[in-house]
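Overview (structure and organization)
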Amino acid sequence: MKITKENLILNFIVYTTAFLLAIGFGAVLIWTIMRINPFSALSLIVSTALFTPFGRTATFYYLVELTLISLGLAISYRAKYWNIGGDGQLIFGAIFSMQTIFSLEHLFSPWLVIVATLLMGMLGGAIYGVIPAIIKVKLNVNEVLSTLMLNFIAIYFMTWLVDVTGPWKDPHAAELESYPIPYSLYLENPIILTLIMVFAIAIIYILAEKTFFGFKIKVIGSSHYAADYAGIDRGKVYIYLGLISGALAGLAGSIEILSVSHILSSTFDSLYMGYVAIFTTWLASLNPLFVILSSLLMSTLLSGGYFMEAVTSVSVLFIYYFEGITFISIIIFEATKSKIKRVMKLG
Amino acid sequence: MASIPLIPFFIAVISIGISYTTIYLIASLGEIFSEKAGVLNLSLEGVMTMGAFLGYVFSFISGNPYFGLVGGLVAGLILGLLFAFISITIGVNQVLAGLSVWLVGMGLSDFIYTISFGRTSYLITVPKLPTVPVPYLSGIPIIGQMLFDHTLVDYAAYLSVPLLWYVMFKTNFGLKIISVGENPRAADSLGINVNRIRYIMVLFDSSMAGLSGSMISLTTGLYQVGMIAGRGWIAIGIAAFSGLNPAYGLLASLIFGVVSAFGPSLMIVGYRIPYEFLDMTPFIALLVVVMMISKRMLMPSALGKPYKREEK
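Quick look at the overall build of chain B
- From N to C terminus, chain B includes 12 helices and 2 strands.
- Helices and strands appear in chain B in the N-to-C order α-α-α-α-β-α-β-α-α-α-α-α-α-α.
- For 312 residues, the compact-globule formula gives about 20 Å, and the C-alpha radius of gyration of chain B, at 20 Å, lands near that figure.

Some remarks on the overall build of chain A
- Tallying secondary structure elements over chain A gives 13 helices and 0 strands in all.
- Computed over the C-alpha atoms, the radius of gyration of chain A is 21 Å, within 12% of the 20 Å expected from 2.2 N^0.38 for a compact globule of 347 residues.
- In terms of its C-alpha atoms, chain A occupies a principal-axis envelope of roughly 70 × 55 × 35 Å.
- Within the span of chain A, comprising 347 residues, buried residues form 50% of the whole.
- Put simply, of all contacts in chain A between residues at least 6 apart along the chain, 78% involve residues at least 24 apart.

Quick look at the packing of helix 3 (residues 53-78) of chain A against helix 11 (residues 273-283) of chain A
Residue and element names in this part refer to chain A.
- Following both chains from N to C, one finds helix 3 and helix 11 inclined at 60°, their axes separated by 8 Å at the closest point. Comparing their axes, helix 11 and helix 3 come out oblique. Considering only the axes of helix 3 and helix 11, their crossing is right-handed. Of the residues in helix 11, those touching helix 3 at Glu65, Leu66, Ile69, Ser70, Leu73, Ala74 and Tyr77 are Met273, Gly274, Val276, Ala277, Ile278, Thr280 and Thr281.
- Class assignment for the residues of the contact of helix 3 with helix 11 results in 9 nonpolar, 4 polar and 1 charged.

Digging into the interface of chain B and chain A
- Taken together, the contact pairs 40 residues of chain B with 35 residues of chain A.
- Counting residues per element, the side of chain B that touches chain A draws most heavily on helix 4 (residues 94-116) of chain B, which supplies 17 residues.
- For the side of chain B that touches chain A, the residue count by class is 28 nonpolar, 8 polar and 4 charged.

A few points about the confidence of the model for chain B
- The share of residues in chain B with pLDDT of 70 or more is 96%, and the mean pLDDT across the chain is 86.
- The complex prediction reports pTM at 0.87, with the ipTM value standing at 0.84.

What about the environment of Gly93 of chain A?
All names here are of chain A.
- The residue Gly93 is located in helix 4 (residues 86-104) in this model.
- By the C-beta count within 10 Å, which is 36 here, Gly93 ends up buried.
- Each C-alpha atom, one on Gly93 and one on Thr117, is 9.3 Å from the other, the two residues being 24 residues apart in sequence.
- When neighbours within four sequence positions are excluded, Gly93 is seen to be in contact with Gly121, Met122, Gly124, Gly125, Ala249, Gly250, Leu251, Ala252, Gly253 and Ser254.

Things to note about the environment of Ile204 of chain A
All names here are of chain A.
- Along the polypeptide, Ile204 turns up in helix 7 (residues 190-210).
- Owing to 24 C-beta atoms within 10 Å, Ile204 belongs among the buried residues under this scheme.
- Counting along the chain gives 129 residues from Ile204 to Ile75, while the straight-line C-alpha distance between them is 7.8 Å.
- Once residues within four sequence positions are removed from consideration, Ile204 is found in contact with Leu71, Ile75 and Pro288.

Some details on the environment of Ala116 of chain A
Residue and element names in this part refer to chain A.
- Within the element layout of this structure, Ala116 appears in helix 5 (residues 110-139).
- Spatially, the C-alpha atoms of Ala116 and Phe213 are 28 Å apart, while their sequence positions differ by 97 residues.
- If near-sequence neighbours (up to four positions away) are discounted, Ala116 is found in contact with Thr100 and Leu104.

As for the nonpolar core
All names here are of chain A.
- Grouped together as the largest cluster of nonpolar side chains are 200 residues, with contacts concentrated most on Ile69 and Leu248.
- Tallying contributions element by element places helix 6 (residues 143-162) first for this core, with 14 residues.
- Aside from chain neighbours lying at most four places away, what touches Leu248 is Leu68, Ile69, Leu71, Gly72 and Ala200.

Details of helix 10 (residues 231-241) of chain B
- Where burial is concerned, most of helix 10 of chain B is hidden: 11 out of the 11 residues are buried.
- Looking at the buried residues of helix 10 of chain B, the elements they touch are helix 6 of chain A together with helix 1 (6-36), helix 2 (44-62), helix 9 (194-220), helix 11 (246-268) and helix 12 (275-293) of chain B.
- Just downstream of helix 10 of chain B lies Gly243 of chain B, where phi reads positive at about 65°.

Here we look at unusual backbone geometry
- Here the phi dihedral of Asn140 of chain A falls at roughly 65°; this positive angle occurs in a residue that is not glycine.
- Relative to the helices and strands, Asn140 of chain A is located in the loop between helix 5 and helix 6.
- Positioned with a positive phi, Ala229 of chain B is a non-glycine residue whose angle comes to about 50°.
- Within the element layout of this structure, Ala229 of chain B appears in the loop between helix 9 and helix 10.

Rules and cut-offs
Residues numbered from 1 in each chain as written. Chains lettered and ligands numbered in written order. Predicted model: local features only at pLDDT ≥ 70, side-chain atom pairs only at ≥ 80, totals over all residues. Helix = DSSP H or I, 4+ residues; strand = E, 2+ residues; numbered from the N terminus. Rg over C-alpha atoms; globule rule 2.2 N^0.38 Å. Buried ≥ 20, exposed ≤ 12 C-beta atoms within 10 Å, placed from the backbone. Contact = placed C-beta atoms within 7 Å. Axes fitted to C-alpha atoms, helices over the stretch in contact; angles between N-to-C directions. Parallel < 35°, antiparallel > 145°, perpendicular 65-115°, else oblique. Left-handed = near helix turned anticlockwise from the far one by under 90°. Nonpolar A, V, L, I, M, F, W, Y, C, P; charged D, E, K, R; others polar. pLDDT = per-residue confidence, 0-100. Core = buried A, V, L, I, M, F, W, Y, C linked by C-beta atoms within 7 Å.

Here it is in structure tokens:
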């Protein structure tokens, strides 16, 4: 779709309305079930997430991870390659990172290990992300089903690693946790993380908008027939998309290990960031530049909701309902938007 | 390695496997019909969660587990209407519509449960669905215990397979379903109301999924956050595996039911291996199976495509 002023305004109206509608539905639910004022709850969420030091740190990490995963999904969904395996890829990125740290921590200087960890995280995610792409191309397996199956397999595999009989279980920890990573490997410098995020946005934006590869993605997304007629090798594009989106999700997993959790545990991905990223990707209308805005919105709600849970037991689970409702209103608006345009063209 | 006591293990696998099969069977039968009519309904996991939750609530309020089944059906109908409206009337991409309804169903049920029931330190149990032994047959040693000591829904699910097979392949209505899935435009020109057939099939699919979800909470008498644990997705996979034939659907559900029963059965006979690998088995099996058959699979040609009269 060409970016014109008219389109931008229409999009802005559509997405804001969809979001407000979802807030309205959410508010009704909160009020009917919990009998607390939804607007004071919402303002508490936002102020906790943005104006307290703990909240701000959490929001920032969520923002980085969500942005990375959503970038990969944005270009995949443009080609109608429905990768919903963000969680599995994130977990495998984290597992590869942990393995790298365990094997290299005493051999090299911390910075070298951190770089190796990030790269291995990307590799782990990419391997896990390319499997569904390969079996889609070679064996015609629907990627929705395969990525989901791989998510469950990854979650159980991770739980086994840190379970009582698992190889990584820290015997001193009461919970199902791995050994922690050494303090020298903590990556808590916001500037570096911001740079990684901005770099990723720039690469994906250029790839999607300025290269022939991005053009191929658009053609495949608009019509399989057009792509085949133009001689585009769809299989190759799907495999690249699997690699790219997997690597980005794996990088997010790596960052979660290095910056936030510092351990692998059975509750490592309890927010299901991969599913959340599906939503932020759509809220950004599959645009790599807008992904950061929708991710900021979502990470505010996530971190605020997380801290609220301790106070008023507004559960993080509410987020899924909220996501679903926003999702529905957006796709309905998207569908009717083209209808409105068609009517205008005919009239 | 200790040896497994084989006979108790076998009995446990079959009798647990049969109740697991019912859950897969009900949900996948619905999905088979919906996909046959050209609608890919990916919301099953969410609908089953909602079904499990409303089944639990209805059973809690009324004290009657059979009323809980009604709760499952109600959940299915509500979410089915939502999905059908988005995907058929509005004509949104069915993958997106399915994913969004999945999120709504899952989020809503888990959220309301946590707020209203989850605040106590103990789990609130509701009346369970009783097993009804078949007279005479359940008296047969071993086999009687394995096959003829289940709930009424189990028997009904197995008995419905031939009926649904007959409806799909031998009746006029079944022919309409198939034609709507294969070539909606031709069906429309013959005077078949395409979207009405699709609505009926989606509502059937979702209410079956709701029923199957309510079976999960009503056979244990409990509800837990994340309790469906991917079984909705497995049901979708089973529907694909069956080639959209109810008879093969039964076969596929049996295979996955028995595979899923390995874990709990090994625990019952006191054999310890990491349970994560057993929980993983159905997902790996499904992936392998789908990889084996996908190349040869013949799906309805209009599957996933919304039908619009005015478009060409």
